[in-house]
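These are the residues of each chain, in order.
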2 protein chains.
Amino acid sequence: MKKVVTIGGGTGNFVVLSGLKSYDVELSVIVSMADDGGSTGILRDELGVLPPGDVRQCLVALSDSSRLMRSLMNYRFDTGSLCGHSFGNIFLSALEKTTGSFEKAVEEVGKVLSIKGKVIPVTTHLVKLKMLLRNGKLLEGEKDIHSSTDICKGFDSIYLEPFPKANPRAIDELMNADLIVFSPGGIYTSIIPNLLVEGIPKALRETKAKKLFVVNLVNKHGQTPNFKAGDYLREVQKFIGKDIFDFVIVNSGKAPKELVARYAAEGSVVENDLVKDSRVIFTDVLSNELKEVQKGDSLVRNLIRHDPKKLAKVIMEKVNEL
Amino acid sequence: MKKVVTIGGGTGNFVVLSGLKSYDVELSVIVSMADDGGSTGILRDELGVLPPGDVRQCLVALSDSSRLMRSLMNYRFDTGSLCGHSFGNIFLSALEKTTGSFEKAVEEVGKVLSIKGKVIPVTTHLVKLKMLLRNGKLLEGEKDIHSSTDICKGFDSIYLEPFPKANPRAIDELMNADLIVFSPGGIYTSIIPNLLVEGIPKALRETKAKKLFVVNLVNKHGQTPNFKAGDYLREVQKFIGKDIFDFVIVNSGKAPKELVARYAAEGSVVENDLVKDSRVIFTDVLSNELKEVQKGDSLVRNLIRHDPKKLAKVIMEKVNEL
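Each chain has its residues counted from 1, following the order in which its sequence is written. Starting at A for chains and at 1 for ligands, labels are handed out in the order in which the entities are written. Local features in this predicted model are restricted to residues of pLDDT 70 or higher, and side-chain atom pairs are both shown and tallied only at a pLDDT of 80 or more, whereas totals for entire chains, interfaces and linings draw on every residue. Based on all heavy atoms of the structure, the side-chain values leave hydrogens and waters out of the count.

Visitor: Is there a simple way to think about the interface of chain B and chain A in this case?
Guide: Accessible area lost on assembly of the parts is the figure often given for the size of an interface. Listed as interface residues are 26 residues of chain B and, on the opposing side, 26 residues of chain A. Throughout, buried area stands for the accessible area (probe radius 1.4 Å) lost by two parts on being put together, summed over both. With both sides pooled, the region where chain B packs onto chain A buries about 2,300 Å², and carbon together with sulfur makes up 77% of that total. Contact with chain A buries surface across chain B, with B:Leu68, B:Ser81 and B:Leu82 losing the most and accounting together for 21% of the total. Note on definitions: salt bridges are taken to be side-chain nitrogens of Lys or Arg within 4 Å of carboxyl oxygens of Asp or Glu. The tally of links between chain B and chain A comes to zero salt bridges. We define a polar contact as two N or O atoms separated by no more than 3.5 Å, with the added condition that, inside protein, one atom must be a possible hydrogen donor and the other a possible acceptor, whereas residues neighbouring each other in sequence contribute only through side-chain atom pairs. For the pair chain B and chain A, the number of links is four residue pairs in polar contact (both at pLDDT 80 or more). Residue polarity is assigned by list, with Asp, Glu, Lys and Arg as charged and Ala, Val, Leu, Ile, Met, Phe, Trp, Tyr, Cys and Pro as nonpolar; anything else, Gly included, falls into the polar class. When its residues are assigned to classes, the side of chain B that touches chain A shows 15 nonpolar, seven polar and four charged. In this description, contact between two residues means that some pair of their heavy atoms is separated by no more than 4.5 Å.

Visitor: So what exactly am I meant to see when it comes to the packing of aromatic side chains here?
Guide: How two aromatic rings sit relative to each other is set out by the distance from centre to centre and by the angle between their planes. Each aromatic pair joins two rings of Phe, Tyr and Trp (for Trp, the six-membered one) with centres within 6.5 Å, and gets the label stacked for planes under 30 degrees apart, edge-to-face for over 60, and tilted for any other angle. For the structure shown, the criterion picks out 18 aromatic pairs over all chains. A ring pair is formed by A:Tyr75 and A:Phe77, whose centres lie 5.1 Å apart and whose planes are at 80 degrees; its orientation type is edge-to-face.

Visitor: Which parts of the structure should I look at to understand the relation of the copies chain B and chain A?
Guide: Note on the chain copies: they are related by a rotation about an axis and a translation along it. Placing chain B over chain A gives an RMSD of 0.0 Å and needs a rotation angle of 180 degrees, together with 0.0 Å of translation along the axis. The transformation relating the two chain copies, once decomposed into turn and shift, fits a two-fold axis. Taking C-alpha positions as reference, the residue of chain B nearest the rotation axis is B:Ser81, located at 3.0 Å. Here the copies are matched by least squares. The fit uses the C-alpha atoms of residues with pLDDT of at least 70 in both.

Visitor: Help me out: how do you make sense of the pattern of salt bridges in this one?
Guide: Two side chains bearing opposite charge may form a pair once their charged atoms approach each other closely. Residues and elements named next belong to chain A. Across all of its chains, the model carries 36 salt bridges over all chains by this definition. Glu173 is the partner of Lys3 in a salt bridge, and the nearest nitrogen-oxygen pair spans 2.7 Å. Residue Lys3 is found in strand β1 (residues 3–8), and its partner Glu173 is found in helix α8 (residues 168–176); the two are separated by 170 residues along the sequence. Using a relative accessible area of 8% as the deciding quantity, one classes Lys3 as buried. For helices the rule is a DSSP run of H or I covering at least 4 residues; for strands it is a run of E covering at least 2, with both sets numbered from the N terminus onward. Three labels apply to residues, based on accessible area from a 1.4 Å probe with only protein chains included: buried if under 20% of the type maximum, exposed if over 50%, partly exposed otherwise in between.

Visitor: What's the story with the sheet that holds strand β5 (residues 138–140) of chain B in this structure? I'm lost.
Guide: Hydrogen bonds between backbone groups are what pair the strands of a sheet, and the pairing can be parallel or antiparallel. All names here are of chain B. An order of β5-β4-β6 is seen for the three strands of this open sheet, with the pairing classed as antiparallel. Only two strands of the sheet have a single partner each, and these edge strands are β5 and β6 (155–161). Averaged over all adjacent pairs, the angle separating strand axes in this sheet is 15 degrees, with direction ignored. Two strands qualify as a pair provided DSSP detects at least 2 bridges between them. In this sheet, β6 lies alongside strand β4 (residues 128–133) in antiparallel orientation, the contact comprising six bridges. Across the sheet, residue Leu129 finds its bridge partner in β6, namely Leu160. Only the contacting stretch of a helix is used when fitting its axis, a line to C-alpha atoms as for every element, and angles between N-to-C directions run 0 to 180 degrees.

Visitor: Teacher, can you tell me more about the sheet that holds strand β3 (residues 118–121) of chain A here?
Guide: Residue and element names in this part refer to chain A. Strand order in the open sheet formed by seven strands is β3-β2-β1-β7-β8-β9-β10, with parallel pairing between adjacent strands. The open sheet terminates on both sides in strands that have one partner only, identified here as β3 and β10 (280–283). Each adjacent strand pair in this sheet contributes to an overall mean axis angle of 20 degrees, direction not counted. Where β1 meets strand β2 (residues 26–31), six bridges bridge the pair, whose relative direction is parallel. Paired with Ile7 across the two strands is Ile30, which belongs to β2. Set on the sheet, α8 makes contact with β1, β2, β3 and β7 (179–182); between it and β3 the angle comes to about 125 degrees.

Visitor: Would you mind going over helix α2 (residues 38–47) of chain B with me for this structure?
Guide: Residues lying three or four places apart along an α-helix face the same way, a consequence of the helix completing one turn every 3.6 residues. Residue and element names in this part refer to chain B. If you check which residues of α2 are buried, you get Ser39, Thr40, Gly41, Leu43, Arg44 and Leu47. Those residues of α2 that are buried are in contact with α3 (53–62), α5 (87–99) and β4. Immediately downstream of α2, the backbone of Gly48 shows phi near 70 degrees, a positive value.

Visitor: Whenever I open this one, empty space enclosed by the protein confuses me. Can you help?
Guide: In this approach, a probe sized like a water molecule rolls over the atoms, and the result shows the empty space that is left. Residues and elements named next belong to chain B. Cavity and pocket criteria rest on a 1 Å grid covering protein atoms alone: a 1.4 Å probe that fits but cannot get out defines a cavity, protein on both sides within 12 Å along at least 5 of 7 lines defines an open pocket, and an atom within 4 Å of a point defines a lining residue. Grid points are joined across faces, edges and corners, and a volume is the space filled by probe spheres set on the points. Using the criterion set out here, one finds three cavities of 30 Å³ or more in the structure. Put simply, the largest cavity is a space of about 50 Å³. As for the largest cavity, its lining consists of Phe182, Ser183, Pro184, Gly185, Ile187, Ile191, Phe213, Val214, Val215, Asn216 and Tyr232. Listed by contribution, the elements that provide at least two residues to the lining of the largest cavity are α9 (187–195) and β8 (210–214).

Visitor: I tried to follow the packing of helix α1 (residues 12–20) of chain B against helix α13 (residues 308–321) of chain B on my own but got confused; where do I start?
Guide: Residues and elements named next belong to chain B. Where α1 meets α13, the axes come as close as 8 Å, and the angle between the chain directions of the two elements is 70 degrees. The angle between α1 and α13 places the two elements in the roughly perpendicular class. The two elements α1 and α13 cross, and the hand of that crossing is right-handed. Contacts from Val15, Val16, Ser18, Gly19 and Leu20 in α1 reach Pro308, Leu311, Ala312, Ile315 and Met316 in α13. Among the residues making up the contact of α1 with α13, the classes are represented as eight nonpolar, two polar and no charged. Every angle not falling under 35 degrees, over 145, or within 65 to 115 is termed oblique; those three ranges are roughly parallel, roughly antiparallel and roughly perpendicular. It is the rotation of the near helix from the far one that decides the hand of a crossing: anticlockwise by less than a right angle makes it left-handed, clockwise makes it right-handed.

This is a description of form; function is not addressed.
Written as structure tokens, this is what we have:
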């Protein structure tokens, strides 16, 4: 069975995994540990635990348990002292406190949810994502970086503090993968935070796995204005030190005009500027479902989103060619 | 297989169940819904859920899952906004909110914990325990009643508000039991609250099951001062309307003098005043373990406690005679 490893943060991994779960592949996901917004941020600050939010979403994506258990994991208290916390975040944090290990906590919740695959934190050190802007301002935490509109004016550095070593299991997964998928998501808040961990860029350069990059659908205002597919690739490659990508998925589907107009303030639709050679997969991976705007850990998700099934189908075509 | 049903609240059920669990009997526990202290009280007030604390303890007592899952259920957050909450209470409350049913929540946690037996709330209505003292003072809530030292001066009434109907499953269990065990515990806060539910006293009077009463070990200052075994029986029987007990377990074991002295302020040791006829089982059911004082939902437990194994052995002797 082919081994597919996805890497990312936020909801991007969820989208990729929930599509791939139906296929006969060995799945692992490497999750960024930079999240510090909402419920996750409060639990980090108050309990000193590793951020559970993104891991929770991956566990739910890979779960084969009842719809009830999956709903429970995402259930968010809406009143009282627990207000804003998702149950899954509390579950992971309580287990981390009980076992003394975040990885053990993830393993146990994985058992309860009967997950198909492995969920692996990119590092097991508690870190904070920081970004020093060219204007001298220091953005502290993923939440601040996520909401900044000054990043497009330039930044001097982005780093995790303290500089963490990679989880050896994450390195193993990368080295033993057949295909590594970069999930879509906030480039500075979900993708690059994985590449700031000691050992990850080297593993990505050295592994024999094929690498696939899923380009975002929409640019982010004040961060990636008018970025085209090639800009995303270049920005990410800076942190890997090499052009490693064998495949790049760029959406060719057209979102309804009203929707594009509605999100104009947030950012423009990402266009393709890559020469359509054999590595570029220019195809419709857009969701036609007009879902309700979901509120995650204090973030409002975009309505222009990838279709997990379409994305998985395209990825699996490449897996089957390996 | 014989069917044993225990009834009570607080830690009493836990003690009885954790001993009986090792035997080959069909176990059910009927749990009082009057708890409103500590974490349980906050969840009741803030979320409008049924009180999870006592149910959680019963689920843990009946659990066949790993020590880790049992520790997790009792794990109590000690800092931040979750401070004071036990994970198990949050688990039950989140499931009640997700499913819309406390009983469904109990069933699901039961599956996760692989419980042996059934845990049944005595009522599924959200109620408050109240007590009108003879001096005119109204005690509102189990917590207030638990800490009152004026009860011994007399009370006019104790009731649940609103007056709740019994859970039909609780009635079924009582009617189909071979033996019903009244677990030890606070007489006004754990035992009698079950008898204030419409339908429960009638079922207890009518069922063909044998009934066994486990007399408390220590009196409670200001509530049951110098009560002897017979006083407990009489007080409980008032609320059933009939002397229903076929067996009464009274401890004959002697607690170390230092311990008795240390708890003199809390209350004296309960003495036997019952004629030692065939229904009275006067035997050593005292724990020799000098455990750490445990902090439950804001209550400090007594160190003079029943030994679950000794208690279960005595109960099983009666079960085997049925």
